[in-house]
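Here is what each chain is made of, one letter per residue.
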Amino acid sequence: MRAEFENQDLSADVNSSQKLSGAKRKGDQSEQDSCSNKFRTTETSTARREQSIKQSFGIVDKRESSATSQNMSQLMKQVQSTYRMDFPPDFEQLWRFCCSMCPSCPKKALLDPLGFVLCGPFDLLDGKTITDPLLHCRYHLDPPEFQTVLKISSSSDQMHFGYFRDDPNKLPAFVASAKPVKDCVLRYSADNLLELVYKELNSRISKQSASNSVSSESLLLKLKEKLEVFVSKCDPVVSLNCREKNLKDRKRKSQGTTFHKLGISVHVKNDIGYRPIHHEDAALRKLMQKVAQCESQPDRVAAFGPLHEQITFVQFANDESDFGMGLELGLDFFLHGAECFHKAAAKLLPTAYKFLKRDLYAEIIEKHLANREKDQEKIDFSI
């Protein structure tokens, strides 16, 4: 009997010991799992912070860089295919810089510091659907040679920046600005988009320094430093200090003036390709203004006489292969902006562009004249 009870007690002690041992093992395992989870959480958090720091300075892992480069290459092919023209290296590089600054919304990365919003072909990189690339972000007074890529948020004069290129089959000459509410003048801004941002940063820094705004100046200086670091790694190289090189190069090849003040650029050989309009800009504008101010159709027809004579001269010029004259006069009709000159512009410009083998510009001007908007709210920004 005693042996039976002793065996039962021993069995109970063993079971109790096993339970305690099992509980201890579970506790140890739970503690290990907890520590492991904490480690993984810390590791993930650290990785995220490292990635954020890398992004802010434009540093990307080689594997990520390869995948990103392939994706970017496909996007750039889509942009070039959609717009049917090539884009310079600074276009892609500005997008990459903005992605490093604000991955969640690259097109507004420069909104707070500079008031810039990326638009136009950048909307394709942002995944937007563009209904008509020929009219997308095209303002009332934008000639076909001007392609909007940046706009100033809440600008009262609708200020925007774009590439200026004489021929759609070639790369842009430089970046220009426009203020269509104020005038039709296109003003040289920079040789490339990164230089434009750099120049604007320097301008803002000078203003903040003069006004003793230390905090704002500090933020702008940090952004300037990040841009300098980013550009130092760009391939191909993009300059931040071009000293108007492209503008000077184009001036040597340009003819006339046009109302936008940049003139035109056509191939001239043995004095064939361009002949000047018979009126200076001021006199031509005065003639156009007289027509635009007429209240009745008979008065308008009578006032149009001297301008009709200029159109006749263009026809003679075209017969002798001086296609630049029709381009210059047609642009002036377009840039005046009055609807009464749409017909003259529609007659001269598509013909000139086709003679010059700039057929894409002929398509753009025909569509633009048929869908010309002054109201910024009605311009397709696809935002």
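All chains use their own residue numbering, which begins from 1 and follows the written sequence. This being a predicted model, a pLDDT of at least 70 is required before a residue's local features are given, and a value of 80 or more before pairs of side-chain atoms are given or counted; all residues contribute to the totals for chains, interfaces and linings. Heavy atoms from the whole structure form the basis of all side-chain values; hydrogens and water molecules are not counted.

Colleague: What should I look at first to understand the environment of K357 in this one?
Modeller: Along the chain, the position of K357 falls in the loop between α13 (342-355) and α14 (359-370). K357 gets classed as exposed once you look at its relative accessible area, which sits at 63%. In this structure the C-alpha to C-alpha distance between K357 and P168, which are 189 residues apart in sequence, comes to 9.4 Å. Where helices and strands are cited, they refer to DSSP runs of H or I of at least four residues and of E of at least two residues respectively, numbered from the N terminus. Burial here depends on accessible area, computed with a 1.4 Å probe over protein chains only, as a share of the maximum for the residue type. Under 20% is buried, over 50% is exposed, and the range in between is partly exposed.

Colleague: Looking at this structure, I do not really get the packing of aromatic side chains. What am I missing?
Modeller: Centre-to-centre distance and the angle between the planes together describe a pair of aromatic rings. The rule is short: rings of Phe, Tyr and Trp, with Trp giving its six-membered ring, pair when the centres are within 6.5 Å, and they are stacked under 30 degrees, edge-to-face over 60, tilted in between. A complete count under the given rule lists 13 aromatic pairs for this structure. Summarising the aromatic geometry, the rings of F174 and Y188 are spaced 5.4 Å apart at their centres and angled 70° between planes, so their arrangement reads as edge-to-face. Note that F174 is positioned in strand β4 (residues 174-178) and Y188 in strand β5 (residues 186-190), a separation of 14 residues in sequence. Classification of F174 as buried rests on a relative accessible area of 1%. Judged by centre distance (5.6 Å) and plane angle (70°), the rings of Y353 and Y361 are edge-to-face. No difference in accessibility class separates Y353 from Y361, as the two residues are buried. We count a charge as sitting over a ring when the NZ of a lysine or the CZ of an arginine lies within 6 Å of the ring centre and within 35 degrees of the ring normal. We note R165 situated over the ring of F87; from NZ or CZ to the ring centre the distance is 5.6 Å. One residue, R372, lies across the ring of F334, its end atom 3.9 Å from the ring centre.

Colleague: Looking at this structure, I do not really get the side chain of H160. What am I missing?
Modeller: Mapped onto the elements, H160 comes out in strand β3 (residues 160-164). Any pair of N or O atoms that falls within 3.5 Å is considered a polar contact. Within protein, one atom must be able to donate a hydrogen and the other to accept it, and sequence-neighbouring residues count only if both atoms are side-chain atoms. Engagement of the side chain of H160 in a polar contact is seen with the side chain of D142, the distance being 3.0 Å. Within the structure, the side chain of H160 is placed 2.7 Å from the backbone oxygen of Q158, a separation counted as a polar contact. Those residues within four positions of H160 in sequence are excluded, and the remaining contacts are Y139, D142, F146, T148, L150, K151, A176, S177, A178 and P180. Should any heavy atoms of two residues lie within 4.5 Å, those residues are counted as being in contact.

Colleague: Would you take a moment to explain the nonpolar core for this structure?
Modeller: One broad trend across soluble globular proteins is that nonpolar side chains are buried collectively. Membership of the largest hydrophobic core comes to 85 residues, with the highest contact counts inside it found for L193 and F333. For F333, the residues in contact, after removing those within four places along its chain, are M288, F304, L307, I311, F341, A344, A345 and L348. Core analysis: the second largest hydrophobic core is formed by 10 residues, F174, Y188, L247 and L262 among them. Throughout, nonpolar core names a set of buried Ala, Val, Leu, Ile, Met, Phe, Trp, Tyr and Cys residues whose side chains join them through atoms within 4.5 Å.

Colleague: Please clarify how the packing of helix α3 (residues 89-101) against helix α6 (residues 193-210) should be interpreted in this entry.
Modeller: Working note: a packed helix pair is described by the angle between its axes plus the distance between those axes. Every axis corresponds to a line fitted to the C-alpha atoms, with the helix fit spanning only the stretch in contact, and the corresponding angles, defined between N-to-C directions, vary from 0 to 180 degrees. Close contact between α3 and α6 brings their axes to 8 Å; oriented N to C, the two are set at 55°. When the axis of α3 is compared with that of α6, the two are oblique. Counting all contacts with α3, which are made through D90, F91, Q93 and L94, the residues of α6 involved are L193, L194 and V197. Under the convention adopted here, Pro, Cys and the residues Ala, Val, Leu, Ile, Met, Phe, Trp and Tyr are nonpolar, Asp, Glu, Lys and Arg are charged, and Gly plus all remaining residues are polar. Among the residues making up the contact of α3 with α6, the classes are represented as 5 nonpolar, 1 polar and 1 charged. Small angles under 35 degrees read as roughly parallel and large ones over 145 as roughly antiparallel, with 65 to 115 read as roughly perpendicular and the rest as oblique.

Colleague: Would you take a moment to explain the pattern of salt bridges for this structure?
Modeller: Here a salt bridge means any side-chain nitrogen of Lys or Arg lying within 4 Å of a carboxyl oxygen belonging to Asp or Glu. With the rule as written, the count across this model stands at 11 salt bridges. Where K107 meets D123, a salt bridge forms, and the shortest distance between an N and an O atom there is 2.5 Å. Residue K107 is found in the loop between α3 and α4 (111-114), and its partner D123 is found in helix α5 (residues 122-125); the two are separated by 16 residues along the sequence. Like K107, the residue D123 is buried in the burial classification. Salt-bridge contacts for R204 lead to E200; the nearest nitrogen and oxygen are separated by 3.0 Å. Placement of both R204 and E200 in helix α6 is noted, with a separation of 4 residues, approximately one turn of the helix.

Colleague: Looking at this model, I keep getting lost on empty space enclosed by the protein. Mind explaining?
Modeller: If you roll a probe as big as a water molecule over the atoms, it shows you where there is empty space left. Within this scheme a cavity is a closed region of a 1 Å grid, computed over the protein atoms alone, that accommodates a 1.4 Å probe without allowing it to escape, whereas a pocket is open but has protein on both sides within 12 Å along at least five of seven lines; lining residues each have an atom within 4 Å of a point. Grid points are joined across faces, edges and corners, and a volume is the space filled by probe spheres set on the points. Enumeration over the complete set of coordinates arrives at 4 cavities of 30 Å³ or more. Quantified by volume, the largest cavity comes out at close to 140 Å³. Taken together, 17 residues make up the lining of the largest cavity; nearest its centre are Y83, M85, R138, Q147 and I364. Listing elements by their share of the lining of the largest cavity, those giving two or more residues are β2 (146-152) and α14. The element contributing the most residues to the lining of the largest cavity is β2, with 3 residues. Of the residues belonging to the lining of the largest cavity, the class tally is 10 nonpolar, 3 polar and 4 charged.

Nothing here speaks to function; it is all geometry.
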